[in-house]
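For reference, the chains in residue letters:
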Amino acid sequence: MDEDIVDFALKYAEDKKVEYAEARGQSQIQDRLMLRNGILEAYTSAVDSGFCVRILANGGIGFASTNKWTKEEAKEIVDLAFRYAKASGRKDKIKFEKEKGVETKWVVDQKKKIENVSPEEKISAFEEINKTLTSCGVKIAATMGSCNIDLISKYFVNSEGSKITSFVPKLGAFFYITVAEEGKTEQAYEQFGYSGGWEAFGQWGVAEKLVHNAKILKDVITKGKAVKAGNMDLVCGPEVTGIAAHESCGHPMEADRIVGREMSQAGRSFIYKGGPYWIGTKIGSKHATIVDDPTIEHSYGYYAYDDEGVKARRRFLYKDGVINEFLHNRESAAKLGTKSNASSRTVNYDREAIVRMANTFVLPGDMTEEELIEEVKHGVFMKSFTEWNIDDKRFNQRYVGREAYLIENGELKHPVARPIIETTTPKFWTAVDAVSKKVEFDAATCGKGDPGQGIPVFTGGPCIRLREVYVK
Amino acid sequence: MSDALNRTEEIVRKAKSLGADEVIAQTTFGRYRQVRFSNNEIDTTVAWNDYATDIALAWKKRVVATKIHNFEGVDATVKRLMELAKVSKENPMFGGFAKGKFKYASPKADKKLIEIDDPQGYVFEAVEAARKEIGNDIDSGGILFTKFEDVYLASSEGPIGTDSRSAIELSIRAFAEREASGHSVECSSTLKGFKPARAGTKAGEIARMAKNPKIGEEGVYDVIFDPLIYGSSLGVYGWMVSAFAVLIHMSVFVDKLGKKVAPEIVTLRDNPAEYSMSNRVFDDEGYPAKENMFIDHGVLKGYLHNTSTAKMFKTETTGNAGLVAPSAWNLEMDAGDMNKDELFEETKRGLYLTNTWYTRFQNYAKGDFSTIPRDGIFLVEKGKITQSLKDLRISDNALAMLGNVAAISKERQHVHWWGEADPPSLSPYVLVKNVHITKSR
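Residues numbered from 1 in each chain as written. Chains lettered and ligands numbered in written order. Predicted model: local features only at pLDDT ≥ 70, side-chain atom pairs only at ≥ 80, totals over all residues. Heavy atoms only, no water.

Looking at the overall build of chain A
The helix and strand inventory of chain A stands at ten helices and 24 strands. Taken over C-alpha atoms, the radius of gyration comes to 24 Å for chain A, in line with the 23 Å a tight globule of 472 residues would show. The dimensions of chain A, computed from C-alpha atoms along their principal axes, are 70 × 55 × 35 Å. Pairs at least 24 residues apart make up 74% of the contacts formed inside chain A by residues separated by at least 6 positions. Accessible surface computed for chain A: about 16,100 Å², of which carbon and sulfur atoms make up 49%. (Helix = DSSP H or I, 4+ residues; strand = E, 2+ residues; numbered from the N terminus. Rg over C-alpha atoms; globule rule 2.2 N^0.38 Å. Contact = heavy atoms within 4.5 Å. Areas by Shrake-Rupley, 256 points an atom, 1.4 Å probe, with all protein chains shown as cover.)

Pasting the structure below:
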């Protein structure tokens, strides 16, 4: 990465009549392993490197990027971005909320540097996982595994005087398994993610989790029974709590959706000015406190400064069941008359930073998981999920259980095959009457943006108990 | 012979000289432009200039790949790649890259799409067309996207060629009320015949009809799918017919070759034709990209292959490589013999759905999934739209829905939209019987 060219691009942009300009260089050392049924299909290793400029001029935004590191190219993309910004012809001029310039450098430490891990060691780690999985006594029909390593260096400068350099290693792995027993199949995926070094691989317990999944899928096939549909209590494990927090709290609280910026793709939000839900409106029970926090060290969604140079902090989205604080970038903050809370993220040099979550989770309560279950007369414990989705206003959602058990008189009984909760956001969060102590996180890749920007996040939370919801 | 092709070939020669068994290098000079708009105004205009060469090589069946930008650091990169191959693991199923000298069709890319004048103008044309349908209460958003790629491919196995690929897409979602929207797209490989107003008008019409929606009822319905939403279904079937998806059991078509998977009226193809946004003359191995019929009158005829998966299935590549996974370029459903209005007349009580999003599977092998219709959901009674609905979900099975196709329209539209209707397709109106619809409780 040539920081001089990034500086040059900013200077060249500032010499024009701009209201705001930023330039960002980004270099990512990328390793990708893809294994099918334990066989390494291909090992890809590359350096992806380029830079971009974003200009606010005449109330419009222009963005341009390139991976040709020359000053001539820098001039070309600045000229393009400036011309585009000026040509927007907006009546409602876009403004960016102003921040003080920051000069800083931040890095994420690695205990075992990924750069020092040989390709053989990486391949071997995945092969061992597959061996363990395929010898666990469950008939595995197919597996697919992938490993994504990104060593991300960024250099950000803007017209407010910010100059921020950063280095974040991101380690991710994804597995998809198919279990076939008694002529039937069940499938599960598992994702792992970490900001830091190779030490994560040992901490994840990948093989154990996949073997657990395989056994669960076998149990669902051989012992699982459908639940008799009706109103009952539902205890959600951390994985289910986390996806619900992400989908029906994190997403609707993204201010760019709220102001309409994502209306044609990811959609809008059930929260909007003049509507039934806004800051201060009740959305759930007092047990529903959901935060988004980029500052959790080594989390998959970790960052110290966002991609607009704003210092990261924890955001309380729903607080004690009340809509509390949206996720903002500079543009949405200016539009709604507030300050950015550092929610602007991008996946690479060739993508505009947009409002994103980082690590979204429900804060813990004071009960144990066992206590939550003990107080259930009739219900389902949905520990993990398979299919899920939510509408684009983030109101109607559905989670289908993968590992789930019937609860009768406070005790776990047989596995339940694919129980479903299909309900609305306020019904879901209002039904929560108890929350356990222990928070667990899962890695995920959040999708948004056009072109798509799959961004690393954690979802998570403790176990939560929903009273009298319809489960089928 | 262009300088870029010479330099691409030089990479192949370099890798061969270092001992690689097989090498492919593919250079793409891409210029991508996008105008994003919302609330009827331009939010941002974006340009990406991309100068990249993808290099893949095999050494003793060890397959490795990398990417360089702007031909920088070729020697060091190729050397590193060879070193990586030597410590990598053998893929016994690697069947080599496509072999032979091929003649390719002449690319028909539209050079006007290198840099169009006044891209914002196309957006306003669509917005104004939608406004004519909705009135001044309109709220609309979307994108205009253009692509122009010069592609240079060289392979140690014989293929060598150049391609130019162009595309333009306008996508507009128009709101007539907070919960009454319509979405439409205009997609093409060239500017000729590209009419943004057509998308604006359709989005506006749907939005206007979608006013005052009621929450729909659960049940089993006959459903008329608009080309845009059926493009999403075609994308699902296109993925599932990839041999890679079959190998990892993310497909309902495992062990279904030669079997009936749909009624006789259903014929599906992959065809990277001239009109398509994803037009191309060769695949990533340099094998000629071509039309492949994979469902012929309801019978599954084959999967989509690269050279390696083809060898595993004892057949020929279909020109759909992907280094690892073959993929569909542009899906086509053959036209039926009814027109759109006749499809509606066939429907005594059903739904007309226009768009969807968030399609997720419980089990790809079985095909159980759900997806959430948006942008115009209508109750159809005795062939007429009688009520706008909202808050419904399709909760069904992909194979069952293919088997329940009852009628296909003559009219077809080239569609592509964001993450859902992807890859692009030539999609008709389709009537599917007995679709399971659920809602929140």
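On we go.
Some points on the pairing of strand β1 (residues 20-36) of chain A
All names here are of chain A. Burial within β1 is extensive, with 14 of its 17 residues counted as buried. The pairing of β1 with strand β2 (residues 39-57) spans 17 bridges and is antiparallel. By the bridge assignment, G25 is partnered in β2 with F51. Between β1 and β2, which pair antiparallel in sequence order, lie two residues; one of them, N37, sits at a positive phi of approximately 50 degrees. Bridging between β1 and strand β5 (residues 140-158) involves 15 bridges; their strand directions are antiparallel. Note on β5: the bridge partner recorded for R36 is M144. (Buried < 20%, exposed > 50% of the residue type's maximum accessible area, 1.4 Å probe, protein only. Pairing = 2+ DSSP bridges.)

Side note on the packing of helix α1 (residues 3-17) of chain B against helix α2 (residues 74-87) of chain B
All names here are of chain B. The geometry of α1 relative to α2 is characterised by a closest axis approach of 10 Å and an angle of 45 degrees between their N-to-C directions. The angle between α1 and α2 places the two elements in the oblique class. Note that α1 runs across α2; the crossing there is right-handed. Along the contact surface, α1 presents I11, K14 and A15, while α2 presents V74, D75 and V78. For the contact of α1 with α2, the per-class residue count stands at four nonpolar, no polar and two charged. (Axes fitted to C-alpha atoms, helices over the stretch in contact; angles between N-to-C directions. Parallel < 35°, antiparallel > 145°, perpendicular 65-115°, else oblique. Left-handed = near helix turned anticlockwise from the far one by under 90°. Nonpolar A, V, L, I, M, F, W, Y, C, P; charged D, E, K, R; others polar.)

With respect to the environment of C52(A)
Residues and elements named next belong to chain A. Relative to the helices and strands, C52 resides in strand β2. Here C52 falls in the buried class, since its relative accessible area comes to 3%. Taking C-alpha positions, C52 is 9.7 Å from L10, a pair spaced 42 residues apart along the chain. Beyond its immediate stretch of four places on either side in the chain, C52 contacts E22, A23, R24, F63, A64, S65, I77 and Y349.

Digging into the side chain of N292(B)
Residue and element names in this part refer to chain B. Mapped onto the secondary structure, N292 falls in strand β10 (residues 292-296). Residue N292 is classed as buried on the basis of its relative accessible area of 8%. A distance of 2.8 Å separates a polar atom in the side chain of N292 from a polar atom in the side chain of K290. From its side chain, N292 meets the backbone oxygen of T318 in a polar contact 2.9 Å long. Residues within four places of N292 in sequence aside, it is in contact with L268, R269, D270, L304, T318 and N320. (Polar contact = N/O pair within 3.5 Å; in protein donor to acceptor, adjacent residues only side chain to side chain.)

Let's talk about the domain arrangement of chain A
Residue and element names in this part refer to chain A. Once the domains are mapped, chain A shows domain 1 (3-223) and domain 2 (230-471). Measuring from the centre of the C-alpha atoms in domain 1 to the corresponding centre in domain 2 gives 22 Å. Of the residues lining the interface, 55 residues belong to domain 1; the matching set on domain 2 comes to 44 residues. Approximately 3,800 Å² of surface area, both sides summed, lies buried where domain 1 meets domain 2, with 50% of it carried by carbon and sulfur atoms. Its largest share of buried area at the contact with domain 2, domain 1 owes to E97, W106 and Q191, together 17% of the area lost on that side. For the pair domain 1 and domain 2, the number of links is eight salt bridges. (Domains from an automatic or database assignment. Buried area = accessible area lost by both parts, 1.4 Å probe. Salt bridge = Lys/Arg side-chain N within 4 Å of Asp/Glu carboxyl O.)

Some words on the nonpolar core
With 70 residues, the main nonpolar core has L234(A), Y318(A), F428(A), W429(A), I464(A) and L466(A) as its most contacted residues. Of the residues forming this core, the biggest block, five residues, is contributed by helix α6 (residues 238-250) of chain A. The residues touching Y318(A), leaving out its near neighbours within four places in the chain, are S248(A), C249(A), P252(A), M253(A), F270(A), I283(A), A288(A), T289(A), I290(A), I323(A), T425(A) and W429(A). Of all hydrophobic cores here, the second largest spans 65 residues; its members include A58(B), I229(B), F244(B) and L392(B). (Core = buried A, V, L, I, M, F, W, Y, C linked by side-chain atoms within 4.5 Å.)

Comments concerning the interface of chain B and chain A
Listed as interface residues are 79 residues of chain B and, on the opposing side, 88 residues of chain A. Considering only the side of chain B, the residues that lose the most area to chain A are R178(B), Q362(B) and R441(B), jointly responsible for 11% of the buried surface there. Our enumeration of links across chain B and chain A arrives at eleven salt bridges. Measuring nitrogen to oxygen at the nearest pair gives 2.8 Å for the salt bridge that ties D391(B) to K393(A). Put simply, chain B and chain A have 66 residue pairs in polar contact (both at pLDDT 80 or more) between them. Counting residues per element, the side of chain B that touches chain A draws most heavily on strand β2 (residues 41-59) of chain B, at eleven residues. In the side of chain B that touches chain A, the residues fall into 31 nonpolar, 24 polar and 24 charged. Alignment of strand β3 (residues 60-66) of chain A against β2(B), held across six bridges, turns out to be parallel. The residue of β2(B) that forms the bridge with T66(A) is N49(B).

Looking at the pattern of salt bridges
Evaluation of the coordinates by the stated rule reveals 73 salt bridges over all chains. D219(A) is paired through a salt bridge with K223(A); the nearest N and O atoms lie 3.6 Å apart. Note that D219(A) and K223(A) are positioned in helix α5 (residues 206-223) at a spacing of four residues, about one turn of the helix. By relative accessible area, D219(A) is classed as partly exposed at 24%. In this structure, R7(B) engages D3(B) in a salt bridge whose closest nitrogen and oxygen atoms are separated by 3.9 Å. Separated by four residues within a single helix, R7(B) and D3(B) lie in helix α1, roughly one turn from each other. Here R7(B) falls in the partly exposed class, since its relative accessible area comes to 38%. Linked by salt bridges that have partners in common, E387(A), R398(A), E422(A), K472(A), E218(B), R393(B) and R441(B) make up one network.

A closer look at a negative patch on the surface
Residue and element names in this part refer to chain B. Taken together, D337, D341, E342, E345, E346 and E411 make up a surface patch of like negative charges. Here E342 is to be found in helix α8 (residues 340-346). Among the residues examined, E342 registers a relative accessible area of 31% and is labelled partly exposed. (Patch = residues over 30% accessible without salt bridge, like charges linked within 9 Å, V, L, I, M, F, W, Y side chains within 5 Å. Lys, Arg positive; Asp, Glu negative; His and termini not counted. Charge placed at Lys NZ, Arg CZ, Asp CG, Glu CD.)

Some words on the sheet that holds strand β14 (residues 359-362) of chain A
Residues and elements named next belong to chain A. In space, the six strands of this open sheet follow the order β11-β10-β9-β14-β23-β22, with mixed pairing throughout. For this open sheet the edge positions go to β11 (322-323) and β22 (440-446), each flanked by a neighbour on one side alone. Where strand β9 (residues 290-292) lies against β14, three bridges are found, and the strand directions are antiparallel. Its bridge partner being in β14, V291 is matched across the sheet by F361. The strands touched by α6 are β9, β10 (315-319), β14, β22 and β23 (455-461); relative to β23, the strand with the most contacts, the crossing angle is about 120 degrees.

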